[in-house]
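# Summary of structural features
Each chain, written out:
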Amino acid sequence: MSTQEWLVDRQAGVRAFHRRRPWVMDTVVAVAVVLFSISSLVEAPLRATIATLTLLPPLYWRRRQPFPAFLVTAATVLAQGWLGVEVGAGVVLLVMLFGVASRGSWRALAWACGVTVTLLVAEIYLFEEVLENRTVTLFLVLGTSMAAVASGVAVRTRRAYLIALEDRAARLEVEQHQRARLAVADERARVAREMHDLVGHHVSVIVGLADGGATLARSRDEQTAEPLRLIGETGRQALAELRRVLGVLRGEDADPQLSPQPGIEDLDRLLPSVRAAGLPVTYSTTGELDKLSRGVQLAVYRIVQEALTNTLKHAGLGAAANVTLTTSDGEVRVRVRDSGHGKPAAPSHGLLGMRERATMYGGVMTAGPADSGWLIDVVLKEPA
């Protein structure tokens, strides 16, 4: 560490100590005043004691009331000259003048300077009888007083500069945070536009083809009409959910015409579409599932939806699935079991999503091969 760095570090340490314990410096000055007044206390005990006791209290409240503390000290200076005692009031007056310059108003500083000049002139030309060159002495003490004023103004300027720097840093931090949020919003809007262009177009084509195929099959009285109708309905639901998600990415307000988030009752519309896709599904429930909170119901719906989607992808031909929902004592258990021979690819985003939903509601999830097929078992807890 260089000498300059050492000095800066020591200065910062002294400044921090002074901020924590300002009374220490005031006590040091008070002790110095008492030591300076010993000779006067011996020669004129009563007058020196009165002047000293009047001089000390302002040292401890000069930070809160700098100008009143200065006036009390100035009166003590005038009194010591009139009484003919030396109790160090001049040194304390410099401290008070520094305090007014660093903490008081500019008007108070102007008054303090005027009072100081008046006191010094009175002290030198009226109360001092043994001075040979009064003019030189006056200039010396005026220079010392102005040095105290200049030091106080420098401290005031530095304090204002630091406050301005802190305010500027705070504003820059806010502006940086706002710019980051705007950049995120722009990126989300860009992603939303790309998803709408890519996914929305293809799903719309699928829905149109499914509706056209369903109409043609119905006119020919073919059995494929119902599966095609379900494909079109599922595609329209996917488009509605896509628009809702894209609205969130764009930061748009929710459309009041959109349907609410799905719940357990919506499984009655989900399962027929899965069966139409070629996966036989049995469904059973136990307990009062309709009394679960909407958040838990949404989690249950998404878990069942994702589990059946995985079964469609990986179970293979001829597989069947069984969905069981059970609720009791503030918990709901979701079991989806299939009779296929496949398993989800690793890593599976669907399994990760189900696990995250289980963790969100303080539950656990297990997934793995069963006796024949694949089993997903999830336990969710109803929030208190």
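Please read these numbers as outputs of a predicted model, since none were measured by experiment. (Residues numbered from 1 in each chain as written. Predicted model: local features only at pLDDT ≥ 70, side-chain atom pairs only at ≥ 80, totals over all residues. Heavy atoms only, no water.)

### Re the overall build of the chain
Heads up, the rule is: Helix and strand definitions follow DSSP, with helices as H or I runs of at least four residues and strands as E runs of at least two, each counted in order from the N terminus. Under the scheme applied here, a residue whose accessible area is under 20% of the maximum for its type counts as buried, over 50% as exposed, and between as partly exposed, the area being computed with a 1.4 Å probe on protein chains only. Contact criterion: two residues are considered in contact whenever any of their non-hydrogen atoms come within 4.5 Å of each other. Each accessible area is a Shrake-Rupley result for a 1.4 Å probe, and residues are judged covered by the shown protein chains and nothing else.
Along the backbone of the chain there are 13 helices and five strands. Looking at the chain as a whole, 33% of its 384 residues are labelled buried. Long-range contacts, defined here as pairs at least 24 residues apart, represent 66% of the contacts in the chain between residues at least 6 apart. As displayed, the chain has an accessible area near 23,700 Å², and 61% of this comes from carbon and sulfur atoms.

### Thoughts on the pattern of salt bridges
Pairing of side chains with opposite charge becomes possible as their charged atoms draw close. Our working definition: Basic side-chain nitrogens of Lys or Arg form a salt bridge, by our definition, when they fall within 4 Å of a carboxyl oxygen of Asp or Glu.
Evaluated as defined, the whole model comprises six salt bridges. A salt bridge links Glu265 to Arg294; its shortest N-O distance comes to 3.4 Å. Of this pair, Glu265 sits in the loop between α10 (225-250) and α11 (267-276) while Arg294 is found in helix α12 (residues 294-314), placing the two residues 29 residues apart along the sequence. A relative accessible area of 41% places Glu265 in the partly exposed class. Using a relative accessible area of 44% as the deciding quantity, one classes Arg294 as partly exposed. Notably, a salt bridge pairs Asp266 with Arg269, separated by 1.8 Å at the nearest N-O pair. Through salt bridges with shared partners, one network takes in Arg333, Arg335 and Asp377.

### Description of the sheet that holds strand β3 (residues 331-338)
How we decide: One requirement defines pairing of two strands: DSSP has to find at least two bridges between them. All axes here are fitted lines through C-alpha atoms, helices being fitted over the stretch that makes contact, and every angle between N-to-C directions spans 0 to 180 degrees.
Pairing is mixed across the open sheet formed by five strands, whose spatial order is β1-β2-β3-β5-β4. Looking at strand neighbours, the two that pair on one side only are β1 (281-286) and β4 (364-369), the edges of this open sheet. Taking each pair of neighbouring strands and ignoring which way they run, the sheet shows an average axis angle of 10°. Bridging between β4 and strand β5 (residues 374-381) involves six bridges; their strand directions are antiparallel. Paired with Ala367 across the bridge in β5 is Ile376. On the sheet, α11 packs against β1 and β2 (321-328) and is oriented at approximately 160° with respect to β1.

### Things to note about the packing of α11 against α12
What counts here: Here the word oblique covers every angle except those under 35 degrees (roughly parallel), over 145 (roughly antiparallel) and from 65 to 115 (roughly perpendicular). Residue polarity follows a fixed list, in which Ala, Val, Leu, Ile, Met, Phe, Trp, Tyr, Cys and Pro are nonpolar, Asp, Glu, Lys and Arg are charged, and the others, Gly among them, are polar.
α12 packs onto α11 with a crossing angle of 5° between their chain directions and a minimal axis gap of 11 Å. Considering their axes alone, α11 and α12 lie roughly parallel with respect to each other. Contact residues: α11 offers Leu267, Leu270, Leu271 and Val274, while α12 offers Tyr301, Val304, Gln305, Leu308 and Leu312. Classifying every residue of the contact of α11 with α12 gives eight nonpolar, one polar and no charged.

### Section: the packing of aromatic side chains
Where we set the bar: In this analysis, rings of Phe, Tyr and Trp, with Trp reduced to its six-membered ring, are considered paired at centre separations within 6.5 Å, and the interplanar angle assigns stacked below 30 degrees, edge-to-face beyond 60, and tilted for intermediate values. Our definition puts a charge over a ring when NZ of Lys or CZ of Arg is within 6 Å of the ring centre and also within 35 degrees of the ring normal.
Tallied over the full model, the rule gives one aromatic pair. Between Phe67 and Phe70, the ring centres sit 6.3 Å apart and the planes meet at 20°, which makes this aromatic pair stacked. With Phe67 and Phe70 both in helix α6 (residues 66-83), this residue pair falls three residues apart, about one helical turn. Looking at Phe67, the relative accessible area reads 25%, which means it is partly exposed. For Arg156, the ring lying beneath its charged end belongs to Trp106, and the centroid distance is 4.3 Å.

### Thoughts on the nonpolar core
What counts, and what does not: For this analysis, a nonpolar core means a set of buried residues of the types Ala, Val, Leu, Ile, Met, Phe, Trp, Tyr and Cys, connected via side-chain atoms within 4.5 Å.
Val300, Leu308, Leu325 and Leu380 are the most contacted members of the largest nonpolar core, which totals 34 residues. Broken down by element, the residue count for this core peaks at eight residues, all from α12. Beyond its immediate stretch of four places on either side in the chain, Leu380 contacts Val296, Ala299, Val300, Ile303, Gly330, Glu331, Val332, Arg357, Ala358, Tyr361 and Gly363.

### What to know about α11
What counts here: Working note: the arc is built from the helix axis to C-beta atom directions.
What α11 keeps buried is the set Leu267, Leu270, Leu271, Ser273 and Val274. Axial view of α11: buried residues confined to an arc of 160°, hence all on one face. Backbone geometry just downstream of α11 places Gly278 in the positive-phi region, at approximately 110°.

### Some words on a nonpolar patch on the surface
Operational definition: Exposure above 30% relative accessible area and the lack of any salt bridge qualify a residue for a patch; like charges then connect within 9 Å, and the nonpolar side chains Val, Leu, Ile, Met, Phe, Trp and Tyr within 5 Å.
On the surface, a cluster of nonpolar side chains totalling about 350 Å² of accessible area is made up of Val117, Val121, Tyr125 and Leu126. Along the chain, the position of Tyr125 falls in helix α8 (residues 106-127).

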